[in-house]
Amino acid sequence: MKVCLVYDQIYLEHDTGNHVENSRRLVEAMSYLRETGIEEKLTCLPPRSALLEELELVHTPEYISYVKSKAEKGGGWLDPDTVMSPKSYEAASYAAGGLLVATEAVMKGDVDNAFALVRPPGHHAVSNRAMGFCIFNNVAIAAKFALSRFNINRVLIVDFDVHHGNGTQGAFYGDPRVLYFSTHQYPFYPGTGWMDETGIGEAEGTTVNLPMSAGWGDDEYLGAFNEILVPVARKFRPDLILVSAGFDAHWADQLAMMRVSITGFAQMTTILSKMGAELCQGRLVFTLEGGYNLQVVASSIKAVLDVLLGNSEIDDPLGQAEVRKPEGFDEHIEAIKRIHQIQ
Ligand SMILES: [Zn+2]
């Protein structure tokens, strides 16, 4: 398996100080990939900056120039959660562009699959506004880029970050070419993502939300993947799968209250990898979204890469959360099956 990693030090230049979304997330992850020797098994590609017209696939020209001028003036806050430094516009353009390099490498068949290890993250960013640590919506830009650049008709975006990707959902809510599937803690930031948000017009049914109750863990996530995602994806028949991989659903993450383990993330990756092989020649592109426990982020990225490389041994230095019997999961899944007409 030829697995591509896209990374560059430019991502460290988005300087957020002591914010939870800071450059140490990538510094620690990269040094762990080096230490464990897995980096040598990867095809490492440098990112490029997304072109203005590529950012405009999702964002308004006014918003893009606002972000640029804000950086030129030294940075500052874009929203109550999202801060910029002088280099943040450049880093954010390279974050979007990093995912484009990864997508292009996979679509051209230069590599089998890819992981874009970028920041700032993207899935909360909407067309005209930054939100929740996100400046440009990297994954949404990549989906539109893939549809316009390559001869494909359908893209599946799987978002297992603990937060709902409101920006990504919004970008494709009326677009039947993109199916957005999200598991997320609910109720939680940003407040969207209930199961009855399913798309509009001809895109009805191409938004699939799996709100998850605080405390649910590996079994519930794997259940959601096997019972909802797999049948929905089979029906949709994607030509490419993009994955918004946030690792903040881990039990040790400080922002959220889910109980997924690193082994759980690896098992979810195995499902995605099998699904990709069955449906779209294995075309899978992962990108980093959230995840704020540094050890969890580093080990989870390595676990995903191990699965993509076909390694069966997964290191899970943090282990499992204590077992707690989840309440209401089966009824919840049945309700979502009814909404999406899954037998
Ligand atoms: Zn998140």
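A brief look at the structure comes next. (Residues numbered from 1 in each chain as written. Predicted model: local features only at pLDDT ≥ 70, side-chain atom pairs only at ≥ 80, totals over all residues. Heavy atoms only, no water.)

## A closer look at the sheet that holds strand β5 (residues 113-116)
For sheets, the rule is that strands pair by backbone hydrogen bonds, running either parallel or antiparallel.
And step 1. Read from one edge to the other, the open sheet built from 8 strands follows the order β2-β1-β5-β10-β9-β6-β7-β8, with strand pairing classed as parallel. Each end of this open sheet is capped by a strand with a single partner; those strands are β2 (43-45) and β8 (207-212). Neighbour to neighbour, the strand axes of the sheet diverge by 15° on average, direction disregarded.
And step 2. Its contacts with the sheet put helix α5 (residues 138-149) on β6 (155-159), β7 (178-185), β9 (240-245) and β10 (284-288), and the angle it makes with β9 is roughly 170°. (Pairing = 2+ DSSP bridges. Helix = DSSP H or I, 4+ residues; strand = E, 2+ residues; numbered from the N terminus. Axes fitted to C-alpha atoms, helices over the stretch in contact; angles between N-to-C directions. Contact = heavy atoms within 4.5 Å.)

## Some words on the pairing of strand β1 (residues 3-6)
In regular strands, side chains alternate between the two faces of the sheet.
And step 1. Here β1 shows two buried faces, one formed by Val3 and Leu5 and the other by Cys4 and Val6.
And step 2. In this sheet, β5 lies alongside β1 in parallel orientation, the contact comprising 4 bridges. Residue pairing in the sheet places Leu5 in a bridge with Phe115 of β5.
And step 3. As defined by bridge partners, β1 adjoins β2 across 3 bridges and the pair is classed as parallel. Looking across to β2, one finds that Val6 is bridged to Leu45.
And step 4. Running through helix α1 (residues 24-35), the crossover from β1 to the neighbouring parallel element β2 is right-handed. (Buried < 20%, exposed > 50% of the residue type's maximum accessible area, 1.4 Å probe, protein only. Right-handed = clockwise from strand over helix to strand, strands pointing away.)

## Considerations on the pattern of salt bridges
Note that side chains of opposite charge can pair when their charged atoms are close.
And step 1. As enumerated under the stated definition, the model contains 13 salt bridges in all.
And step 2. One salt bridge connects Glu104 with Arg149, and the closest N-O pair in it is separated by 2.9 Å. With a gap of 45 residues between them, Glu104 in helix α4 (residues 88-107) and Arg149 in helix α5 connect regions that are remote in the sequence.
And step 3. By relative accessible area, which is 14% here, Glu104 ends up buried.
And step 4. Look at the salt bridges and you will find they share partners, linking Glu21, Arg25 and Arg119 into a network. (Salt bridge = Lys/Arg side-chain N within 4 Å of Asp/Glu carboxyl O.)

## Brief notes about the coordination of the zinc ion
And step 1. Of the protein atoms, only Asp161 (OD), Asp161 (OD), His163 (ND1) and Asp248 (OD) coordinate the zinc ion, at distances of 2.0 to 2.7 Å.
And step 2. The site at the zinc ion holds 4 donor atoms, and with the angles between them running 53 to 154°, its shape is irregular.
And step 3. Mapped onto the polypeptide sequence, the residues donating to the zinc ion form the spacing pattern D-x1-H-x84-D. Taken together, the residues span a long stretch of sequence, with Asp161 in the loop between β6 and α6 (166-171) and Asp248 in the loop between β9 and α8 (262-279) at a distance of 87 residues. Exposure class is identical for Asp161 and Asp248. Each is buried. (Donors = N, O, S within 2.8 Å, 3.2 Å for Na, K, Ca; no water. Tetrahedral: all angles 85-135°; square planar, octahedral: opposite > 155°, others 65-115°.)

## Here we look at the side chain of Ser299
And step 1. You can see Ser299 is positioned in helix α9 (residues 294-309).
And step 2. The exposure class assigned to Ser299 is buried, which follows from its relative accessible area of 3%.

## Observations concerning the environment of Phe145
And step 1. Relative to the helices and strands, Phe145 is located in helix α5.
And step 2. Judged by its relative accessible area of 3%, Phe145 is buried.
And step 3. Excluding anything up to four places from it in sequence, Phe145 contacts Arg48, Glu54, Leu57, Leu100, Thr103, Glu104 and Phe150.

## Thoughts on the state of the cysteines
And step 1. Taken as a whole and judged by the stated rule, the model has 0 disulfides.
And step 2. Its sulfur unpaired, Cys4 is 7.6 Å from the next cysteine sulfur, which belongs to Cys44.
And step 3. Classification of Cys4 as buried rests on a relative accessible area of 0%. (Disulfide = S-S within 2.5 Å.)

## What to know about the environment of Leu51
And step 1. Along the chain, Leu51 falls in the loop between β2 and α2 (52-55).
And step 2. Residues Leu51 and Asn113, 62 residues apart in the sequence, show an inter-C-alpha distance of 23 Å.

## Observations regarding the packing of α1 against α9
And step 1. Between α1 and α9, whose axes approach to 8 Å, the crossing angle comes to 50°. Taken together, the axes of α1 and α9 are oblique relative to one another. Relative to α9, the crossing made by α1 is right-handed. Residues Arg24, Arg25, Glu28, Ala29, Tyr32 and Leu33 of α1 form the contact with α9, whose own contacting residues are Leu294, Val297, Ala298, Ser299, Ile301, Lys302 and Leu305. (Parallel < 35°, antiparallel > 145°, perpendicular 65-115°, else oblique. Left-handed = near helix turned anticlockwise from the far one by under 90°.)

## Quick word on the packing of aromatic side chains
And step 1. This model, assessed by the stated rule, comprises 12 aromatic pairs.
And step 2. Between Phe181 and Phe225, the ring centres sit 5.9 Å apart and the planes meet at 85°, which makes this aromatic pair edge-to-face. Highlighted residues: Phe181 in strand β7 and Phe225 in helix α7 (residues 218-236), separated in sequence by 44 residues.
And step 3. Phe225 sits in the buried class, given a relative accessible area of 0%.
And step 4. Here the aromatic residues Tyr63, Tyr89 and Phe136 are joined through ring pairs into a cluster of three or more. (Phe/Tyr/Trp six-rings, centres within 6.5 Å; stacked < 30°, edge-to-face > 60°.)

## Regarding the packing of α7 against α8
And step 1. Where α7 contacts α8, the two axes come as close as 10 Å, and the packing angle between them is 10°. The orientation of α7 relative to α8 falls into the category roughly parallel. Contacts between α7 and α8 involve Asp218, Tyr221, Leu222, Phe225, Asn226, Leu229, Val230, Ala233 and Arg234 from the first element and Gly264, Gln267, Met268, Ile271, Leu272, Met275, Glu278 and Leu279 from the second.
And step 2. Each residue belonging to the contact of α7 with α8 can be placed in one class, and the counts come to 11 nonpolar, 3 polar and 3 charged. (Nonpolar A, V, L, I, M, F, W, Y, C, P; charged D, E, K, R; others polar.)

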